[in-house]
Every structure is written in C-alpha cells, then in structure tokens.
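Next come the chains, spelled out residue by residue.
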2 protein chains.
Amino acid sequence: MLGNFIYYNPTKLYFGKEVHKNLLDALNGFGKKVLLVYGGGSIKKNGIYDTVISALNEAGKEVTELSGVMPNPSLEKLNEGIKVARESGADLILAVGGGSTIDYSKGVAASAYYDGNAWERFWLGGKEPDADQKIIPVGSVLTLAGTGSEMNGGSVITDESNKLKVGKVFDDRLMPKFAILNPEYTYSLPKNQMVAGIFDIMSHLMEQYFSDDDDSTTDYLIEGLMRSVVASSRVAVKDPENYEARSNIMWSATWALNTLLKMGKSGDWMVHMIAHAIGAYTHATHGMALAAISPAYYRLVKGFGLHRFARFAKVVWEVPTEGKTEEQLADAGIDKLADWIKEIGASSNISSLGVTTEMFDGIVGATFLGGGYKQITKEDVKQVLNDSL
Amino acid sequence: MLGNFIYYNPTKLYFGKEVHKNLLDALNGFGKKVLLVYGGGSIKKNGIYDTVISALNEAGKEVTELSGVMPNPSLEKLNEGIKVARESGADLILAVGGGSTIDYSKGVAASAYYDGNAWERFWLGGKEPDADQKIIPVGSVLTLAGTGSEMNGGSVITDESNKLKVGKVFDDRLMPKFAILNPEYTYSLPKNQMVAGIFDIMSHLMEQYFSDDDDSTTDYLIEGLMRSVVASSRVAVKDPENYEARSNIMWSATWALNTLLKMGKSGDWMVHMIAHAIGAYTHATHGMALAAISPAYYRLVKGFGLHRFARFAKVVWEVPTEGKTEEQLADAGIDKLADWIKEIGASSNISSLGVTTEMFDGIVGATFLGGGYKQITKEDVKQVLNDSL
C-alpha cells in the first residue's frame, strides 16, 4: 500500500537531438557566470564540449572550467570545487557528463556557501542546507545513462583516505533545474560503460521492487521499466548506435531514479550499499559491482519475499508458471537475471573486479547495513561476497 | 521511437490522508484572496468542504465561493467564473472536486485577465495566453480519480447552444501548482462514477498506446499502468473502501495523463473525440461514453496496428499466445476489454446513454476527425456509433 508522500520534481528535461537549441533555451533565466564541470576530457574528443561552449558563448556567458571529475568523485575533489565555485561567483553550475559529474556538481552547489565542514554535515550527518543558505543552481548535459542523477537530488562522494563512499540525497533545491538528454551522446561510450549503466538502471529498479508486499501501481510501473530495459539492452549490446534502444535506455534511467518510484514505498538498497563499499576498496565500476553481487544477494533474501520474486520471474522474464512452486519460480527468475548479466557482458563475479578475500572484512565494515525483506547482518554481507567471488 | 520533446511538470502532489496539514503547507506562498470552486455541493455532505474551509481559515485566507460547476462545464458557466474571479481579485483558485471542477478552474484562471473572447481564442483558436497576460494560479483538492486534470494543462468546456465540447490543453502555466490527493475522498462516490473514472483512465492509456509502431519505454510504462488499473478495478468494484485499490486508481489516473506518456509519441484520441460529441448531445457521463464505443472503435482500427493489438492481448490481458495468429490475438484482446467493461459495470452500448440513430448525423458533425493507426472519416464515426448501439 502506498504510504503518504509529497511528490515534487521540477527538473525540466530536454530530450532528443537538438542540443544546441535546447541548451540556449535552458540557459535563459540564469546569471552570466557559469561554472562548467566535466570529467577526463572525453567530451573534447567527441565534440560535445564544442557544442556546449558554442551555446554558452552564444548566450553571452562567462565560463570558468572545472575538469578532472573522476568516476567516484573524491572528497578532496569536492573541496577543490567548493573553492573554485565560490571564487568564480558562479550563477549556474553546468555539469557535462554522467552521474559522477552531476553528483559532484550537486555536492559543490550545496556546499560552496556552507561555512563549515560540508562533508560532515551533509554526507555523514545527513542534514539539509539551511533554508537561508545560498545554493548554486545546477543544470546538466548528460553523456551517460544510468544513475538518474539528472533528475534527483542524489550525490555520492568518496572519502578515499577513510575508504567511505557515501550517498546523500538532497531535497528538491539540489535537483538539477534542467537536463539535456541526447541519446546520441551516449554512442561513443566504451561498451563496458554502457553495460554498467544498463545494470545500474536495472539495479535501481530491483532495489525499489524487492521490498514491501503490496500490489501498488508503482510495482507495475517498475515491471514495465524492467521489461523495457531488458528488451533495449539486447538490441544495444549488438547495435550500440540503435537510436531507439539507446533512447529507451536513457529515458528508463531517468525514471528509474527520479523519485517517482520511491513515493510511498520503503525500498531495500543493500546491493548499492555493498557495491559502494566494494567501490571504496577497488575503484570497480559502480554498475559492474552491482551486477557481480546481485544474484547472490537476491538468492540470500528471496525466501523473505517469495511471492514478489515469483512475480518477477513471471512478469519480467516471462518464465512459464505451470507446474512450478513459488520457490521454483523465484529461483528461475534469479537464474534469468544471472543469465542476462552474462548475456550483456556485465560482471558475474567480484574477483574480476579486483576483490580478494583479504578485503572482505574491510568491505563488510564499510557497508551501511539495512535491508528490505530482510535486515542484513555483517555475516550476510560476507556470505554475499563469498558467493560472488 | 521517441521523438524530440521537452518534459516539464512542476505540479506538487500531496498524496495520502493528511489533507488538512498538506493543504496548509500548499497554501503557503500564495496571496490572501482565494476563489474556492466546487460543484453541486456533495463536498458539504461528506465533510471535505469543512476540512478545506478550516485549513483556509487557519491560513488566514479571504474566501470567495463559486459553486455549481456541472459535470460538463458550460461556456456560460465559464463566463460567470471569469467575472467572479476578476471581481474577487483572486490570488489563487482552489478547485475542490473532480476533473470538471479542475478543468473549469483552469479555464477561468487562463481567461479572467484576457480582454477578449476567451472561448474563441483559447478553445476554438487553440492559442495560448500571451507571455505578459496575468494568469491566476490554480491548486486543487481531488475528490474523483480519472481525468488527470490535477497534473496537466487540460480544460474541456462545452458550448451547449452550439453543441460543441472542446478540449484545450494549456501550457505549463496552467498546470495546477499543487494537488491534494486523498484516496479516501473518493470513497463516497456513487459506484457508477467510480467506474466511469476507471474507464476514463484506461481510455487515456489506450489512446496513447494504440499509435506508433515502436517499442518505446513509454509503451512498457503504459502496459504497467493498464495492468495496475485492471487489477485494482477488480478489487474496487467489490470493495470500494479498499484503500490500496483506490490509491492505485488515483495514482494511475494522475500518471496516465500528466504529460509523461505523450512525450515523443503521437497518440490517437479519436475515442475521446467521439465521446465528446456524444457528451454534447446527451450529457452522458464521459467515462461511460468512452466505454460504450471503445470495443467498436478498436475493432475498426485493429487491422492497421495488428502487432500492437496482439501485444495488448498478451501483456495486458495475459491471453495465451500459442497457436494463435496475430489477428486472433488482437481479437481476443479486444474481447477481453469488452468483457472487462461488463465485469466492472461500465456502459457496453450508447443506447443506454440516450443516444438514438436520429442523433448520428449531429454527433458525426460535432466530432473532430483525426486518428492514430488510421485517419478516421465521417463514415468511420458513423460505423462506430452503429456498432455501439
């Protein structure tokens, strides 16, 4: 049953090929000074940088650049960004990249005018910026589909020295004011990054699906999105420049984690918690870490939500139900998930991501414990790691 | 394939039982003068009026009342509202009711400060208010699930003397600023109104599903919503006070027509066009008119989108596919739809709604022609009416 909730999501989404025109429209209404944030410079090779700069120039903006945002944005980099944003007097932070760049930009936007230790207050302390604190508006040009960061308040930052990767979800003031979504911008990604993004989407859906015991509209929406992601992934791995498949993947990513599906529901999120801890120890690609542990995690908890796992098999994977017990159906669904992970080329084990048994205690210790159908213990985390080796 | 589009939907939704508290929060940030719009007074019997007035008083608002909004809001009533809104100097129009009351309030909000014939400019002419024209913000307390008016810019008004029922979709300035959604508020509805609302939702989904030939994420989302509506309807007709079923119906209604599903797609909408014409001649309940003609309409067009109709049968109605041709599957899906219409007690024919063969020419003439898989002719409309008698 859907609990009480408030849904408000004012991010304006520009979807399709007309990036220059859309960006000009989106930049309207913000001040002159733009802090342009991006990663390692791939946007300079594929022409996206030129398109963005040309629109910024045409709109008469003064641009300060802040590049080098890494896949798991570090606390050190966050502190650099806070300084740059404040010195530049940015009226808008324009994040050009994937989830890491947008997550990072939101972190900078929230922290630039906070007079204190932002990491401790927002990420470790879980607090929101005060009502009267200045927040820099964020906009984005998305180049990688997966995290949903383009339409939510999420911001994952890693404290490398303490091996802590912490996800903070800010309130709607930190949701991007706009996001430019051009599926073609994702064509130039290496295949393994595309696949990692696809699994990230699937994981967001599963984290929200495998919890509660009800029959809410949200569950049906999630099933629809999962079916779409599976269908499009099968086209995209064979034909990465298939516009329909890549546009479906991009659109699914946004709706999988833009706050709609969590309304009135509880969620699980333990696969993400364990994968974050793995990420802090190995720099494994986030989506690949999720894939490597998902089958083992769901085999561990399936007995506590058998009906839902059976439904997953039937609706998402179209497993024939005749003559099967609920448990057999549930098993078949997780097997189908594991098969699909292999089929699209996602990671099937954590050894391939550099995890060794020596790291287990550290990873277990860095995992925030919680759960959906089952409250997860340290022993459970260890078992998932063992079963995923 | 999803075409280029811009998605922006800033309506804040308060979902659940805490109406008084939610309304107090929602009223924040609007001026003192509130124009309270409602229908025939049922809200005074079921206590909703008292809750709303108590929140308005607590928020210190000056209230002007405008009641008597009818199921198909008339042009005459619109003109009365324009006058009242202007004279009262309303800072906010608060619509308490179902789609008709909210549609009407948007019409008043758009027209109050337009110096000219609003009906001709906005509804017949299809134009938007000028950028510098004053528009009164609209908020709503929803008491009937179905139209989706609580989160879109739609406003259907009927010119009774000329028998013209015209739907206008305004831009995002006319989308309600907030909507209070309490599933319990729909309990006191007569069963036939609940059923009409349910079919209205299903029709919004079908109008957007039966068009285009692609495999977009939107199609999967629509399938999820259709499955949810069918499942919840079966619970709600037997147990109208089942909170889970009524909350699913309410939430599905909002998402079925809040602009998400139309992004980058073409749509059909001929069932609505014919039903609007029927409504102008008979005052038939909108949802019932949709139900009465849907099977005949879809039998007429199914050959032009056979693959999609077969998918509808398989995914939404779980018709076994084995040994069936695509055409047999398509037929089976429409049969299932017709069975469901009977099962939930929606109208299976237009005779029961007061339509006679003498009205056919008038209804055909009042129907705006268009279509999805097939461009519909006057003869087609006549055939649908004949097949639906």
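For the structure, see preceding data.
Residues numbered from 1 in each chain as written. Chains lettered and ligands numbered in written order. Predicted model: local features only at pLDDT ≥ 70, side-chain atom pairs only at ≥ 80, totals over all residues. Heavy atoms only, no water.

1. Details of the pattern of salt bridges
Residues and elements named next belong to chain A. Counted only if it meets this: A side-chain nitrogen of Lys or Arg and a carboxyl oxygen of Asp or Glu constitute a salt bridge if their distance falls within 4 Å. A run of H or I in DSSP counts as a helix once it spans at least four residues, and a run of E counts as a strand once it spans at least two, with each numbered from the N terminus. Only protein chains enter the calculation, and the probe is 1.4 Å; a residue is then buried if its accessible area is under 20% of its type maximum, exposed if over 50%, and partly exposed in between.
Following the criterion strictly, the structure yields 44 salt bridges over all chains and no others. A salt bridge links R308 to D219; its shortest N-O distance comes to 3.0 Å. In this pair, R308 sits in helix α12 (residues 306-316) while D219 sits in helix α8 (residues 217-238), placing the two residues 89 residues apart along the sequence. By relative accessible area, which is 0% here, D219 ends up buried. What emerges from the salt-bridge pattern is a single network uniting D212, D214, D219, K265 and R308.

2. Brief notes about the sheet that holds strand β6 (residues 138-142) of chain A
Rule in force here: Here, a strand pair is defined by DSSP locating no fewer than two bridges between the strands. For helices, the fitted axis covers only the stretch in contact; all axes are lines through C-alpha atoms, and the angles between them, taken along N-to-C directions, range from 0 to 180 degrees. Residue contacts are counted whenever heavy atoms from the two residues lie within 4.5 Å of one another.
What the seven strands build is an open sheet, ordered β4(A)-β3(A)-β5(A)-β6(A)-β9(A)-β2(A)-β1(B); its pairing is mixed. With partners counted over all chains shown, the strands left at the sheet margins are β4 (62-66) of chain A together with β1 (5-7) of chain B, one partner each. In this sheet, adjacent strand axes meet at a mean angle of 15 degrees when their direction is disregarded. Each of β3 (33-37), β4, β5 (92-97) and β6 of chain A is contacted by helix α3 (residues 48-58) of chain A, which is oriented at about 175 degrees to β3(A), the strand it contacts most. Contacting β3, β4, β5 and β6 of chain A, helix α5 (residues 99-111) of chain A crosses the sheet at an angle of about 165 degrees to β5(A).

3. Re the relation of the copies chain A and chain B
Short version of the rule: We superpose the copies by least squares over the C-alpha atoms of residues that have a pLDDT of at least 70 in both of them.
The operation relating chain A to chain B is a screw motion whose rotation component is 180 degrees, with 0.0 Å of axial translation and a residual RMSD of 0.0 Å. Between the two chains, the operation in question is that of a two-fold axis. Here 100% of the interface residues in chain A have copies in chain B that are interface residues too; the copies meet face to matching face.

4. What to know about unusual backbone geometry
With phi around 75 degrees, A:W269 is a residue other than glycine that occupies positive phi space. Relative to the helices and strands, A:W269 is located in the loop between α9 (243-256) and α10 (270-282). Here A:W269 falls in the partly exposed class, since its relative accessible area comes to 23%. The backbone of B:T259 sits at a positive phi, close to 90 degrees, despite the residue not being glycine. For B:T259, the location among the structural elements is in the loop between α9 (243-256) and α10 (270-282). We classify B:T259 as buried; its relative accessible area is 13%.

5. Here's the deal with the interface of chain A and chain B
Rules: Simply put, the buried area is the total loss of 1.4 Å probe accessible area from both parts when two parts are fitted together.
Taken residue by residue, the interface counts 41 residues in chain A and 41 residues in chain B. The contact between chain A and chain B buries some 3900 Å² in all, and 61% of this surface belongs to carbon and sulfur atoms. Across the chain A-chain B interface, the total number found is two salt bridges. The residue B:E318 makes a salt bridge to A:K314 at a minimum N-O spacing of 3.5 Å.

6. Notes on the packing of helix α8 (residues 217-238) of chain B against helix α12 (residues 306-316) of chain B
For any two helices packed against each other, one specifies the inter-axial angle together with the distance between the axes. Residue and element names in this part refer to chain B. The line we're drawing: Angle categories: roughly parallel below 35 degrees, roughly antiparallel above 145, roughly perpendicular from 65 to 115, and oblique for all the rest. Each helix crossing is assigned a hand: it is left-handed if the near helix lies turned anticlockwise from the far helix by less than a right angle, otherwise right-handed if that turn is clockwise.
The N-to-C vectors of α8 and α12 enclose an angle of 45 degrees; their axes lie 10 Å apart at closest approach. On the basis of the axis angle, α8 is oblique to α12. Seen from above, α8 lies across α12 with right-handed handedness. Two secondary-structure elements touch here, α8 through D219, Y220, E223, M226 and R227 and α12 through R308, R311, F312, V315 and V316.

7. With respect to the sheet that holds strand β9 (residues 178-181) of chain B
In spatial order, the strands read β1(A)-β2(B)-β9(B)-β6(B)-β5(B)-β3(B)-β4(B); together these seven strands make up an open sheet with mixed pairing. In the strand order of this sheet, the two ends are held by β1 (5-7) of chain A together with β4 (62-66) of chain B, each with one partner. Taken pair by pair, the neighbouring strands of this sheet meet at an average axis angle of 15 degrees, ignoring direction. Inspection of the sheet shows strand β3 (residues 33-37) of chain B paired to strand β5 (residues 92-97) of chain B by four bridges, in the parallel sense. Bridging from a neighbouring strand, B:V37 pairs with B:A95 of β5(B). Helix-sheet contacts for helix α1 (residues 19-27) of chain B involve β2 (12-15), β5, β6 (138-142) and β9 of chain B, and the interaxial angle to β9(B) is about 175 degrees. Packed onto the sheet, α9(B) meets β1 of chain A together with β2, β6 and β9 of chain B and runs at close to 170 degrees relative to β2(B).

8. Observations regarding α5(A)
Residue and element names in this part refer to chain A. To be explicit about the condition: Each helix should span, by expectation, one fewer than its residue count multiplied by 1.5 Å.
Taking 1.5 Å as the rise per residue, α5 with 13 residues should run 18 Å; its terminal C-alpha atoms sit 18 Å apart, in good agreement. Within α5, 12 of the 13 residues are buried, which leaves the element mostly enclosed by the surrounding structure. Taken together, the buried positions of α5 are G99, T101, I102, D103, Y104, S105, K106, G107, V108, A109, A110 and S111.

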